[in-house]
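Chain by chain, the residues run as shown.
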Amino acid sequence: MEKILLAGATGYLGGYLLEELLHRGYPVKAIVRDSSRLAGNVSSRCAVMEARITEPEEIKGACQGIDTVISCVGITRQKDGLTYEDVDYQANKNLLDEAIKSGVKKFLYVSVLNGPDMTHLKICQAKEHFVSELKRSPLDYRIIRPNGFFSDMKDFLTMAENGRILLFGSGLYKANPIDGSDLAGICIDSLDNPEREVPVGGPETLTQREIAQIAFTAAGKKPRITCLPEWLGKGIIHLMRLLTSEKVYGPVEFFLTVLTRDMIAPEYGSMTLLEYYQKQWEDLKSTKKG
């Protein structure tokens, strides 16, 4: 069975990927900045290398004996002064260079749905910069394009808890976000499929109003939805670009942009958004009790 190097194993999707790879019996080497952040007992079931992928010297030899590299490395919330270009592009480029030197056969990268159409956003610009590098490389590649994780939908549940959810436009833009566990399985399945770019969504295509209703249902709250004009969201993005740093406005511009367009991909998986919200709500109540 091919040996896998997994980069980004301590992130949201990376944790699910590591568990699924081990469950399927793949020999795995996880490259992480801090091995103490690995979930459960997985560190005893795989090889672990502590290194910063942003530093080429630290990952020398990381891909020796590796058949396939899987990377879900990227910034969710910026920290340490690093930019999207530093991480989503350059860190992955460092890993790609090392993979080529070591004779790796295949490289799977997790990007974002509609990434080429959203390169005016800093995060998508960096991701697509790396996608271009990967496509030019001699490696057999897979680019997975999810349209959003369930974890990205937590803001709806937070707003529901506070009693009101804010949407833009009519609230009829549609999306079908996917659970990390479902996406992990699709990523690994794609290694044996011929398609090089795979758009991926969850099993339910919902309007934002429907997502809001589901969040209120999970929270046991009366639905209160306010729809704001789309120009307001664009104005907020414009002002934040003028007045704040990329570290501050980057996540906001991405979130507000995907709220004002359809993000629909082929449906996969089985976990529903309601199931996810209900679990998150139970966890939240348990934390408050504790």
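Okay, so let's go over this structure. (Residues numbered from 1 in each chain as written. Predicted model: local features only at pLDDT ≥ 70, side-chain atom pairs only at ≥ 80, totals over all residues. Heavy atoms only, no water.)

### A look at the packing of helix α7 (residues 230–243) against helix α8 (residues 246–258)
Step number 1: Where α7 meets α8, the axes come as close as 10 Å, and the angle between the chain directions of the two elements is 165 degrees. Taken as axis vectors, α7 and α8 run roughly antiparallel relative to one another. With respect to the hand of their crossing, α7 and α8 are arranged in left-handed fashion. Taking contact as the criterion, the partners of G233, I236, I237, M240 and R241 in α7 are, on α8, V248, Y249, V252, E253, L256 and T257.
Step number 2: Looking at the contact of α7 with α8, its residues break down into 7 nonpolar, 2 polar and 2 charged. (Axes fitted to C-alpha atoms, helices over the stretch in contact; angles between N-to-C directions. Helix = DSSP H or I, 4+ residues; strand = E, 2+ residues; numbered from the N terminus. Parallel < 35°, antiparallel > 145°, perpendicular 65-115°, else oblique. Left-handed = near helix turned anticlockwise from the far one by under 90°. Contact = heavy atoms within 4.5 Å. Nonpolar A, V, L, I, M, F, W, Y, C, P; charged D, E, K, R; others polar.)

### Considerations on a nonpolar patch on the surface
Step number 1: Together, L239, L242 and L243 give the surface a local cluster of nonpolar side chains, amounting to about 350 Å² of exposed area.
Step number 2: By secondary structure assignment, the location of L242 is in helix α7. (Patch = residues over 30% accessible without salt bridge, like charges linked within 9 Å, V, L, I, M, F, W, Y side chains within 5 Å. Areas by Shrake-Rupley, 256 points an atom, 1.4 Å probe, with all protein chains shown as cover. Salt bridge = Lys/Arg side-chain N within 4 Å of Asp/Glu carboxyl O.)

### What to know about the sheet that holds strand β9 (residues 197–200)
Step number 1: Reading across from one edge, β3-β2-β1-β4-β5-β6-β9 is the order of the 7 strands in this open sheet, with parallel pairing throughout. Either end of the sheet is taken by a strand with one partner, and the two such strands are β3 (47–50) and β9. Strand after strand, the sheet turns through a mean of 15 degrees between neighbouring axes, direction not considered.
Step number 2: Of the pairings in the sheet, the one linking strand β2 (residues 28–32) to β3 comprises 4 bridges and is parallel in character. What sits directly across from A30, in β3, is V48.
Step number 3: The strands touched by helix α2 (residues 84–101) within the sheet are β1 (4–7), β4 (68–71) and β5 (106–110), with β5 carrying the most contacts at an inclination of about 170 degrees.
Step number 4: Strand contacts of helix α5 (residues 180–190): β5, β6 (140–146) and β9, with the helix running at about 155 degrees to β6, the strand carrying the most contacts. (Pairing = 2+ DSSP bridges.)

### As for the nonpolar core
Step number 1: With 40 residues, the main nonpolar core has I31, I53, V69, L95, F107 and L134 as its most contacted residues.
Step number 2: Mapped onto this core, the elements with two or more residues apiece are β1, α2, β5, α3 (122–136) and β6.
Step number 3: Top contributing element to this core by residue count: α2, with 7 residues.
Step number 4: Ignoring sequence-local partners within four residues, the contact set of I31 consists of L5, L6, A7, G8, M49, A51, I53, I59 and A62. (Core = buried A, V, L, I, M, F, W, Y, C linked by side-chain atoms within 4.5 Å. Buried < 20%, exposed > 50% of the residue type's maximum accessible area, 1.4 Å probe, protein only.)

Any functional reading would require information beyond the geometric quantities listed.
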